[in-house]
Amino acid sequence: MNASRTAPPRPADGARRRVTRFGGLPVVLVALAVMCVLSIALGAKSISPVTVVEAVIGTAPPGEAFVLWELRGPRTLLCLAVGAALGVAGMLVQALTRNPLADPGILGVNAGAALLVAVGVVFLGLDSIGEYRWLAIAGALLVTVLVYLIGSAGRGQIDPVRLTLAGVAVAAVLQGVISALMLSDPRSFDTMRNWNAGTVASRELDILWSVLPLLAVGMAVAAAASPALNAIAMGDDVAVSLGVPVRVVRIAVVVAVTLLAGGATAATGPLVFIGLMVPHIARVLAGPDQRWVFLYSLLIGPILVLAADVLGRLVMRPGEIPVGIVTSFVGAPVLIALIRRRRAVAS
Amino acid sequence: MRAAASCPHPAVRRTPSTRPRRKVVCDVANRANRIIAAAVGVTLLAGVAACGGSSGEESSGADGFSASVDGAYGAVEVHARPERVVALSLQVAEILVELGIQPVAIASSQDEINEFYPWLDGVFTGDLDPELTPNYVADPEAIGSYEPDLVVGNTWTVAEDVYAQLDGFVPTFPGLAEANDDWDAVAVALGELTGTDGQGLVDSVAAECAAAQERLPDLVGGTYQYVAAEEGQYRFGNGSWLECFGLVPADNQDNTQSTDAAVSEELLDQLDADVLAVFDRIGARADIEADPRFEELPSATSGAVLWLDAPVANATNSPGPLSHDYFIAELLPELESAAAEQG
């Protein structure tokens, strides 16, 4: 990100970058595996490692097996999918807008999802994620398209600044509408309060299956678009001179962000800071090459979401804290620490 | 019997009912509108006071009635027997009706009663006027239009600033405390303010509970838990209403409605009281019952799991005498079956 604005790397920097880039990969993979294991093994209910092993081989007591496979299993898979989606969506939107403070919400994804969820809750009497997930997806898609149309109106191409401003403006307007809907009656307020917290708890696998196709298509588009983002980072003129179809790439990125962030938000509610934070960590390890930033974002996103979820299960025992709240109060200090490291920002 | 009345703040009161969420809404209500409405209302109320003040004093002299109780914000005094009472919550409204006083206006609507308070359908002869508490905050202008001689509410509809505006012109009872009021304490206080038999009303409800307990000989003395199903956890609500059936709180039952009083869904086996009441607003019943640990719970084995819908949850959350009638009628048959099972 912003590679064109940094000083040319010295040869020694390049060597160190390669070491970090390749050496970081196994570390991140191991961290991801460890977090998956911890997500299965740790929770409000203490289950011994022996019982966890017994659950794997099918000899654990039914109660413990239920907790491990029916409660922790689905939420672990959901953390993996949502973390990867939000991490990559964040990386894409920061590259698209050339703004290190951008996150997927800047395109109106969260506001769009919340708007239609609020409409469903208030006017259709919906109460649970299983009922309003499709509205969340539709809202994310529709509002992102609206932001895109406003951001590109009359120009024939996407202007990152206009797109950002359009996203912020539309989100602000929608937030007012959402607040009005929330305040229309107590039940709506309570349901939207739960939605806004963002959680992976009590999510059955059908929630994941319903958004997985969106995430898969979004991820494929993102993977295809990432190499071209390197050229766009150097400026539109340079990218065009290198033969990159800038407009097509930007549309592809908007589509990918919408599918990834919209699908993730529909499944869990808004998880703030993940999309903002993950690309910064990824760039520390990967450097400015967007192909590597994509890969690292794909892996680091789930690590952060899993860590936040496990933390949320443990700190308020016997109760739990929704993962969206944990990402907020842990994410902000971590982000501050990151941006104080020049290396994280400069790259 | 110390069933709690409606709560002033979500931080204090996290309850399974839909009712306390009104307070959350109160907190974010548009203050500017309140101030404007209050200014107009104070003017109107001043007119009411100017017109009715002398006659009020005369009637005070005439019937010799005078009463004072300690309200949440200070002493509430009346110097004539109240005849035009405005009720700012359904709970106080039903207490007033059972004390023999029909409020001239009640802050509610027929739709709200139909959906959440069906036992109150047809109980009131006064106006049902939701504009008395727009955004769940008392509106002095709307209240003044009824020319009341007593306003009865609670601290989450009558915040202290609104109370200060109202009380200068019309006696205003804002509840007994800024935390949860016990309905029976409110009934006694309202009895004093209106010259009616509040304690007698409380005793009559206690007698109904005693009658219910007589039909549950094997359950009396058993433990209870009351939770609201949320995503990923069960949050404790104030279950003191279950004491009407002779039950006692389980060791981990938290009636304080603290925001962190909850049990993770992973710890379902900790909901092991003899009677388990669940307010299932999010439709989690099927998932809960699918947990193999559920059928091992003592309450599940004896059939003493009470699944509360919104009306029953409201009846237990903001109880009054008629609410007691309702939830006793709704839940006693299930409890009798459970008691027979345990016996």
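Residues numbered from 1 in each chain as written. Chains lettered and ligands numbered in written order. Predicted model: local features only at pLDDT ≥ 70, side-chain atom pairs only at ≥ 80, totals over all residues. Heavy atoms only, no water.

Per an unreviewed UniProt entry, the recorded name for chain B is Iron complex transport system substrate-binding protein, and the organism is Stackebrandtia albiflava. Reading the Sequence similarities (unreviewed entry) entry of the UniProt record for chain B gives the comment "Belongs to the bacterial solute-binding protein 8 family." (UniProt positions renumbered as here; feature names shortened; annotations may be inferred.)

Looking at an unreviewed UniProt entry, one finds chain A named Iron complex transport system permease protein and attributed to Stackebrandtia albiflava. Check the Subcellular location (unreviewed entry) section of the UniProt entry for chain A; it says "Cell membrane".

Attention now moves to the overall build of chain B. Scanning chain B for helices and strands turns up twelve helices and 13 strands. Out of the 343 residues in chain B, the part that is buried amounts to 57%. Partitioning the contacts of chain B with sequence separation of at least 6, the portion at a separation of at least 24 is 68%. (Helix = DSSP H or I, 4+ residues; strand = E, 2+ residues; numbered from the N terminus. Buried < 20%, exposed > 50% of the residue type's maximum accessible area, 1.4 Å probe, protein only. Contact = heavy atoms within 4.5 Å.)

Another point: the state of the cysteines. Residue and element names in this part refer to chain B. Inspection of every chain in the model, using the stated rule, returns one disulfide over all chains. For Cys209, the disulfide goes to Cys244, at an S-S distance of 2.0 Å. Handedness here is read from the sign of the S-S torsion; for Cys209 and Cys244, about -100°, the answer is left-handed. Here Cys244 lies in the loop between strand 9 (233-236) and strand 10 (248-249) and Cys209 lies in helix 8 (residues 198-214), a separation of 35 residues in the sequence. Among the residues examined, Cys209 registers a relative accessible area of 3% and is labelled buried. On the basis of relative accessible area, Cys244 is assigned to the buried category, the value being 1%. (Disulfide = S-S within 2.5 Å.)

Moving on, we get to empty space enclosed by the protein. Residue and element names in this part refer to chain A. Using the criterion set out here, one finds four cavities of 30 Å³ or more in the structure. A volume near 70 Å³ is recorded for the largest cavity. Taken together, Leu86, Asp103, Pro104, Gly105, Asn110, Thr265, Leu271, Val272, Phe273, Ile274 and Gly275 make up the full set of residues lining the largest cavity. (1 Å grid on protein atoms, 1.4 Å probe; cavity = no way out; pocket = protein on both sides within 12 Å on 5 of 7 lines; lining within 4 Å. Points joined across faces, edges and corners; volume = space filled by probe spheres on them.)

Below, the discussion takes up helix 11 (residues 310-317) of chain B. Residue and element names in this part refer to chain B. By the criterion of burial, helix 11 is predominantly enclosed, with eight of the eight residues buried. Ala310, Pro311, Val312, Ala313, Asn314, Ala315, Thr316 and Asn317 are the residues of helix 11 that are buried. Two to three positions downstream of the cap, the backbone nitrogen of Val312 sits 3.0 Å from a side-chain oxygen, assigning the N-cap of helix 11 to Asp309. (Polar contact = N/O pair within 3.5 Å; in protein donor to acceptor, adjacent residues only side chain to side chain.)

Ranked by size, the top nonpolar core spans 98 residues in total, and within it Leu92(A), Met192(A) and Trp195(A) carry the most contacts. It is helix 3 (residues 62-97) of chain A that contributes the most residues to this core, 14 residues altogether. Among residues more than four places away in sequence, those in contact with Met192(A) are Ala114(A), Val117(A), Ala118(A), Val121(A), Ile178(A) and Met182(A). Core analysis: the next-biggest nonpolar cluster, separate from the first, contains 84 residues, Leu132(B), Ala187(B), Val205(B) and Leu335(B) among them. (Core = buried A, V, L, I, M, F, W, Y, C linked by side-chain atoms within 4.5 Å.)

Taken together, the 33 residues of chain A in the interface contact 28 residues of chain B. For the pair chain A and chain B, the number of links is two salt bridges. Between Glu266(B) and Arg72(A) there is a salt bridge, and its shortest N-O distance comes to 2.7 Å. The interface formed by chain A and chain B contains nine residue pairs in polar contact (both at pLDDT 80 or more). (Salt bridge = Lys/Arg side-chain N within 4 Å of Asp/Glu carboxyl O.)

Residues and elements named next belong to chain B. Per the stated rule, a full pass over the model turns up nine aromatic pairs over all chains. Seen from their ring centres, Tyr73 and Tyr163 are 5.0 Å apart, and the 50° between their planes marks the pair as tilted. Placement of the pair is Tyr73 in the loop between strand 1 (67-71) and strand 2 (74-78) and Tyr163 in helix 6 (residues 160-167), with a sequence separation of 90 residues. This pair shows no difference in class: Tyr73 is buried, exactly as Tyr163 is. (Phe/Tyr/Trp six-rings, centres within 6.5 Å; stacked < 30°, edge-to-face > 60°.)

Attention now goes to the pattern of salt bridges. Under the defined criterion, the tally for this structure stands at eleven salt bridges over all chains. Measuring nitrogen to oxygen at the nearest pair gives 2.7 Å for the salt bridge that ties Arg75(A) to Asp309(A). Here Arg75(A) is found in helix 3, whereas its partner Asp309(A) is found in helix 12 (residues 290-314), with 234 residues between them in sequence. Pair check on accessibility: Arg75(A) and Asp309(A) agree, each one buried. Note that Asp291(B) is salt-bridged to Arg293(B), the shortest N-O span being 2.6 Å. Here Asp291(B) falls in the buried class, since its relative accessible area comes to 4%. Through salt bridges that share partners, Arg75(A), Asp309(A), Arg313(A) and Glu320(A) make up one connected network.

To continue, consider the confidence of the model for chain B. Note that predicted coordinates carrying low pLDDT should not be read in detail. Residues and elements named next belong to chain B. Residues with a pLDDT of 70 or more make up 80% of chain B, whose mean pLDDT is 80. Element-level pLDDT for chain B is lowest in helix 1 (residues 21-27), with a mean of 37, against a maximum mean of 96 in strand 4 (residues 105-106). Contacts of residues 1-61 to residues separated by more than four positions or lying in other chains number 161 contacts, the stretch itself having pLDDT below 50. (pLDDT = per-residue confidence, 0-100.)

Residues and elements named next belong to chain B. Overall, parallel pairing links the five strands, which are arranged 5-4-3-6-7 in an open sheet. Looking at which strands have only one partner, the edges of the open sheet turn out to be strand 5 (127-128) and strand 7 (172-173). The pairing of strand 6 (residues 150-152) with strand 7 spans two bridges and is parallel. Note on strand 7: the bridge partner recorded for Val152 is Phe173. On top of the sheet, helix 3 (residues 90-98) reaches strand 3 (85-87), strand 4 and strand 6; it is set at about 140° to strand 3, its chief contact. (Pairing = 2+ DSSP bridges. Axes fitted to C-alpha atoms, helices over the stretch in contact; angles between N-to-C directions.)

Before going further, it helps to spend a moment on the packing of helix 4 (residues 109-123) of chain A against helix 6 (residues 160-182) of chain A. All names here are of chain A. For the pair helix 4 and helix 6, the least separation of the axes is 9 Å and the interaxial angle reads 20°. By the angle between their axes, helix 4 is roughly parallel relative to helix 6. Between helix 4 and helix 6 lies a crossing of left-handed hand. Between helix 4 and helix 6, the residues in contact are Ala111, Gly112, Ala114, Leu115, Ala118, Val119, Val122 and Phe123 and Ala171, Leu174, Val177, Ile178 and Leu181, respectively. (Parallel < 35°, antiparallel > 145°, perpendicular 65-115°, else oblique. Left-handed = near helix turned anticlockwise from the far one by under 90°.)

This next bit is on the UniProt feature "transmembrane region" (unreviewed entry) in chain A. Residue and element names in this part refer to chain A. Residues annotated in UniProt with the feature "transmembrane region" (unreviewed entry) correspond here to residues 21-44, 75-93, 105-126, 132-151, 163-183, 207-226, 293-315 and 321-339. Between the first and last C-alpha atoms of residues 21-44 the distance is 36 Å; the span itself is 88% helix and 0% strand. End-to-end, the C-alpha atoms of residues 75-93 are 26 Å apart, and along that stretch the chain is 100% helix and 0% strand.

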